[in-house]
Amino acid sequence: MLKRGMVAALAVSIALGGCVQTRQFADVQFSPPTGDYKLLVLRPDVTVGSLTTGGMVEPRADWTAQARERIIEALRAQQAARGGNLTIVEHRNQLPGVSEQELADIERLNFAVDQSIVDHKYLGDTLPTKRRVGLDWTLGADAVRLGQKTGYDYALFLHAEDEVATGGRIALSVLGIAGCFIGFCAPSSGQQQLDYASLVDLRTGQVVWFNVVTAGSQVAGIKFGDLRTPQGAAQMVDRLLGRMKRGRAVREQQRRGS
Amino acid sequence: MCGRCLELTRRSLLVGGGAAAASLQTGVADARIRPADMTPLIGPGFKPTDRDEQGLWREMDRVEEEVAGSNLLITDPKITGYLKGIIGAVGGPAAKDFRIYLMRIPEFNAMMFPTGFAVVFSGLLLRMRSEAQLAGVIAHEAGHFLRRHMIRSWRDQRRKSDIFSVAAMAAGLGGAGAGVWLGDYVQLAQLGTILSLFSYSREMEAEADAMGIRNMAAAGYDPMEMSNIWQQLIGEEDASARYRRKRRHKGGIFDTHPSSDARMADMKADALELRAPGKTYDNGRQRYLATIGPTRPTLLDDQVKLNDPGASQYLIETLALDGWNGLLRYYEGEVWRLRNRPGDDVRAEQSYAAAVAYPDAPADAWRWHGVSLMKQGRSGEAKAAFTRYLSMKPDAPDAAWVRQMIG
């Protein structure tokens, strides 16, 4: 009886332990880009590593290259379906008319702003001045200047990291759960996927939309979309960018209008 | 009954663990690695062929792009070319593959990245008294690459964490099966694993020292300068700690690097082995000073603003061992002025007065000398000093104020 109860509890905990979470924020005036818009994707940052028996993540060049290609394919397909015109910049010297230094500055500024968004919107350190105002961050005049120089409407920053468990890690995980039956429960953490993206309106400099997706399991070997496969990459791009929500003001206006 | 015997084992275990830790503590000064035993593990144009190393290299491409585009970078081609020349001289077989970047960070540090690019902090240029000393530090960093330390440490960590995880799981399962609690052993094993990682890291540093000093001597520099660097650093850390009423950290089991004392002693022994008898060495001091000369005021300025008067004073006095000049005297005054303890104002005034007696006194020395003369009521001399300041720095941000003081 006791054993059966434990198995049930275990099954529930495994089901709960692995999940996909996504949480997005948008500028109050934001409506997702549609129609004929020009989107600049700045150096998508993708890493796929192997999760070793001991729990370290070893970067893998071949897997990363593969995943990066799949993600870019999926992104192109998705944006084309919405009518967007997409340019992907791989290196800082590839944007005509913009110096490497300028692009580096924009990227660094965006990184700092993204960190601030994560701190104050995701990690619980809420700011009284940013309550109920949607996503209220900006890259300022630099981003506007970039837009004027290049003619792009939006800039997208994208980060994705994924892990693939090694055989050793899977075996250890299975043993840890099997151990529960003899009184030694030690589930080791499985692989985790973390993706985030921010969309900057290059006409105003505002960060208009931000999303974080985490996917992971408590049991190594169970995956929530492998970025190296076309399906996994498409799933990730869909989770991250598929359902962009409109800003609060826009939603209220539509509600009143309907 | 078994509970009792386990209790005993647990106690003996802790005693044993304590003893092991104590022996490690004293054993931090590991056996010296002889330069003669250090041979480069890679040839020219090395590219990784193993999967784990390829992964590490790919990660680093982005890091290098970030470093190369950093706004902390000092890009003066005269200095960067000079650094490149030095790493080319002491870089062994990989001499042509290295990249070297200089960052404006006022700390004593330099680092090598897995793909063969080095980052040198500007604080290093301030502390080195000659080209030979600078070459010694760069040779140490190059040594990390030549001995493939990054991938070797990574593999060491991976192997040890694998072994620990499997052993901990086996202990847990075995213990649960047999009905005994082995958690204490597992914790001790965890501490052991962590300590062994630190110890491995110290071993890599000692290897890089030995490889570096060998290449440095081969390039014609006096290997004894390596040990002098550590002597200077120990002096600086002592002075800094004394000012803060603390004691200098002397190395421990959780350190990634061997203690400065151990490195100084080991490299002195290395140098005695490597030095060619009867040879006179040129330490390249003139060349060094001529190259970094125009940057030195910035380096000193960054240092005195760190609010670490103990270290700053020591550094200035160390540089002055090669002769005082207007620049050093001026920054000596700045250390006192910014420290602002009773009597420091007088010390600062004396330093500024000494600074302006040298032909290379910076404009700001004249300014502060003028201010102190004004305070003493020697307004005629003060005005002369201010006039001198304005003539040297007509666009000074405080020029209007100074002109008003002249009246």
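On a predicted model such as this, the values are computed, not experimentally measured, just so you know. Residue positions are counted from 1 within each chain, in the order its sequence is given. Chain letters and ligand numbers both follow the written order, the letters beginning at A and the numbers at 1. Where totals are concerned, whole chains, interfaces and linings use all residues; where local detail is concerned, this predicted model gives features only for residues with pLDDT of at least 70, and gives and counts side-chain atom pairs only at 80 or more.

Overview of the overall build of chain B
So, point 1. Counting secondary structure elements, chain B contains 17 helices and three strands.
So, point 2. Judged by the C-alpha coordinates and their principal axes, chain B covers about 95 × 50 × 45 Å.
So, point 3. Taking all contacts inside chain B whose residues are at least 6 apart in sequence as the whole, residues at least 24 apart take part in 69%. By the criteria applied, helices consist of DSSP H or I runs no shorter than four residues and strands consist of E runs no shorter than two, each listed in order from the N terminus. Our contact criterion uses C-beta atoms placed from the backbone: two residues qualify when those atoms are within 7 Å.

Observations concerning the packing of helix α2 (residues 61-82) of chain A against helix α6 (residues 230-241) of chain A
Residues and elements named next belong to chain A.
So, point 1. Helix axes are fitted only over the stretch in contact, all axes being lines through C-alpha atoms; the angle between N-to-C directions runs from 0 to 180 degrees. Two numbers describe how α2 lies on α6: the axes approach to 8 Å, and their chain directions differ by 55 degrees. With respect to α6, the axis of α2 lies oblique. For the crossing formed where α2 meets α6, the hand is right-handed. Contacts from A67, R70, I71, E73, A74, L75 and Q78 in α2 reach P230, A233, A234, M236, V237 and L241 in α6.
So, point 2. Gly is put with the polar residues, along with every residue not named as nonpolar or charged; the nonpolar set is Ala, Val, Leu, Ile, Met, Phe, Trp, Tyr, Cys and Pro, and the charged set is Asp, Glu, Lys and Arg. Classifying every residue of the contact of α2 with α6 by side-chain character gives ten nonpolar, one polar and two charged. Angular relationships are summarised with four words: roughly parallel below 35 degrees, roughly antiparallel beyond 145, roughly perpendicular across 65 to 115, and oblique for the angles in between. Put simply, a crossing is left-handed when the front helix is turned counterclockwise from the back one by less than a right angle, and right-handed when it is turned clockwise.

As for helix α3 (residues 100-122) of chain A
Residue and element names in this part refer to chain A.
So, point 1. An expected span of 1.5 Å times one less than the residue number is assigned to each helix. For α3, which comprises 23 residues, the first-to-last C-alpha distance of 31 Å matches the rise-based estimate of 33 Å (1.5 Å per residue) to within 8%.
So, point 2. Buried within α3 are the following residues: L103, I106, N110, V113, I117 and K121.
So, point 3. Residues of α3 that are buried sit in contact with β1 (19-26), β6 (137-138), α4 (141-150), β7 (154-165), β8 (192-201) and β9 (206-216).
So, point 4. At the C-terminal side of α3, G124 shows a positive phi close to 90 degrees. Our exposure labels follow a C-beta count within 10 Å of each residue's own C-beta, placed from the backbone: buried means 20 or more other C-beta atoms, exposed means 12 or fewer, and partly exposed covers the counts in between.

Quick notes on the pairing of strand β3 (residues 117-121) of chain B
Residues and elements named next belong to chain B.
So, point 1. Of all five residues that make up β3, four are buried, and the element is covered over most of its length.
So, point 2. Note: two strands are recorded as paired if DSSP finds a minimum of 2 bridges between them. Where strand β1 (residues 99-103) and β3 come together, five bridges link them in parallel fashion. Note on β3: the bridge partner recorded for I100 is A118.
So, point 3. As paired strands, strand β2 (residues 110-112) and β3 are joined by three bridges and run antiparallel to one another. Looking at β3, one finds that M112 is bridged to A118.
So, point 4. Hairpin geometry of β2 and β3 is characterised by an intervening segment of four residues between the two adjacent antiparallel strands and by a positive phi of about 95 degrees at G116.

Looking at the domain arrangement of chain B
You'll often see interface size given as the accessible area lost when the parts meet.
Residue and element names in this part refer to chain B.
So, point 1. Residue ranges assigned to the domains are those given by an automatic or database domain assignment. Considered domain by domain, chain B is made up of domain 1 (35-274) and domain 2 (285-406).
So, point 2. One C-alpha centre belongs to domain 1, the other to domain 2, and the line joining them spans 37 Å.
So, point 3. Across the contact, 21 residues belong to domain 1 and 21 residues belong to domain 2.
So, point 4. Those elements giving two or more residues to the side of domain 1 that touches domain 2 turn out to be α3 (77-90), α4 (122-127), α5 (131-146) and α8 (224-243).

Overview of the interface of chain B and chain A
So, point 1. Taken together, the contact pairs 21 residues of chain B with 24 residues of chain A.
So, point 2. Take the side of chain B that touches chain A: its biggest share by element is twelve residues, from helix α6 (residues 149-178) of chain B.
So, point 3. For the side of chain B that touches chain A, the per-class residue count stands at six nonpolar, eight polar and seven charged.

A closer look at the environment of L40 of chain A
Residues and elements named next belong to chain A.
So, point 1. Mapped onto the elements, L40 comes out in strand β2 (residues 38-42).
So, point 2. Its 23 C-beta neighbours within 10 Å are what place L40 among the buried residues.
So, point 3. If sequence neighbours within four positions are ignored, L40 has contacts with T87, V89, T150, Y152, Y154 and A155.

Topic: the sheet that holds β1 of chain B
Residue and element names in this part refer to chain B.
So, point 1. Strand order across the open sheet formed by three strands is β1-β3-β2, with mixed pairing between neighbours. The sheet is open, and its two edges are formed by β1 and β2, each paired on a single side. On average, each strand axis in the sheet is tilted by 15 degrees relative to the strand beside it, whichever way the strands run.
So, point 2. Across the face of the sheet, α3 comes into contact with β1 and β3 while running at roughly 135 degrees to β1.

What to know about the packing of helix α14 (residues 344-355) of chain B against helix α15 (residues 363-375) of chain B
Residue and element names in this part refer to chain B.
So, point 1. The contact between α14 and α15 brings their axes to 9 Å, and the two run at 130 degrees. Judged on the interaxial angle alone, α15 and α14 are oblique. Between α14 and α15 lies a crossing of left-handed hand. Residues E349, Y352, A353 and A355 of α14 form the contact with α15, whose own contacting residues are A365, W368, H369 and S372.
So, point 2. Residue composition of the contact of α14 with α15, grouped by class: five nonpolar, two polar and one charged.

Some details on the confidence of the model for chain B
Residue and element names in this part refer to chain B.
So, point 1. On average, residues of chain B score 89 in pLDDT, and 93% of them reach the 70 mark or higher.
So, point 2. pLDDT gives the predictor's per-residue confidence on a scale running from 0 to 100. Looking across chain B, the model is least confident in helix α1 (residues 2-26), with a mean pLDDT of 47, and most confident in β1, with 97.
So, point 3. Confidence over residues 1-9 falls short of pLDDT 50; this stretch has one contact with residues more than four positions distant or in other chains.
So, point 4. Note that residues 22-28 has pLDDT below 50 and, in this model, nine contacts with residues that lie over four places away or in other chains.
So, point 5. The complex prediction reports pTM at 0.85, with the ipTM value standing at 0.81.

Remarks on the environment of M236 of chain A
Residues and elements named next belong to chain A.
So, point 1. Positionally, M236 belongs in helix α6.
So, point 2. When the 29 C-beta atoms within 10 Å are taken as the criterion, M236 is described as buried.
So, point 3. Along the chain, M236 and E252 lie 16 residues apart, while their C-alpha atoms are 29 Å from each other.
So, point 4. Ignoring any residue separated from it by four or fewer positions in sequence, one finds M236 in contact with I71, A160, D195, G225 and L227.

A word on α6 of chain A
Residue and element names in this part refer to chain A.
So, point 1. Between its terminal C-alpha atoms α6 stretches 16 Å, which fits the 16 Å expected from twelve residues at 1.5 Å a residue.
So, point 2. Among the residues making up α6, those that are buried are G232, A233, M236, V237, L240 and L241. The buried residues of α6 occupy one face: seen down the axis, they fall within an arc of 135 degrees.
So, point 3. The inward-facing, buried residues of α6 contact α2, β7, β8 and β9. For this quantity, the arc is that covered by the directions from the helix axis to the C-beta atoms.

Re unusual backbone geometry
So, point 1. In this structure, R43 of chain A is a non-glycine residue whose phi angle is positive, near 35 degrees.
So, point 2. Considering the arrangement of structural elements, one finds R43 of chain A in the loop between β2 and β3 (45-51).
So, point 3. Given 18 C-beta atoms within a 10 Å radius, R43 of chain A is considered partly exposed.
So, point 4. Despite not being glycine, R148 of chain B shows a phi value in the positive range, around 55 degrees.
So, point 5. Mapped onto the elements of the fold, R148 of chain B is located in the loop between α5 and α6.

Re the nonpolar core
Nonpolar side chains in soluble globular proteins tend to end up buried together.
So, point 1. As used throughout, a nonpolar core is a set of buried Ala, Val, Leu, Ile, Met, Phe, Trp, Tyr and Cys residues joined through C-beta atoms within 7 Å of each other. Counting residues in hydrophobic clusters, the biggest one holds 76 residues, and the most contacted among them are I86, I87, V90, A118, A135, I138 and A142 of chain B.
So, point 2. Once you skip the residues sitting within four places of it in the chain, I138 of chain B turns out to touch I86, I87, V90, A110 and A118 of chain B.
So, point 3. If you look at the next biggest cluster of nonpolar residues, it comprises 52 residues, including L75, L202, V207 and L240 of chain A.

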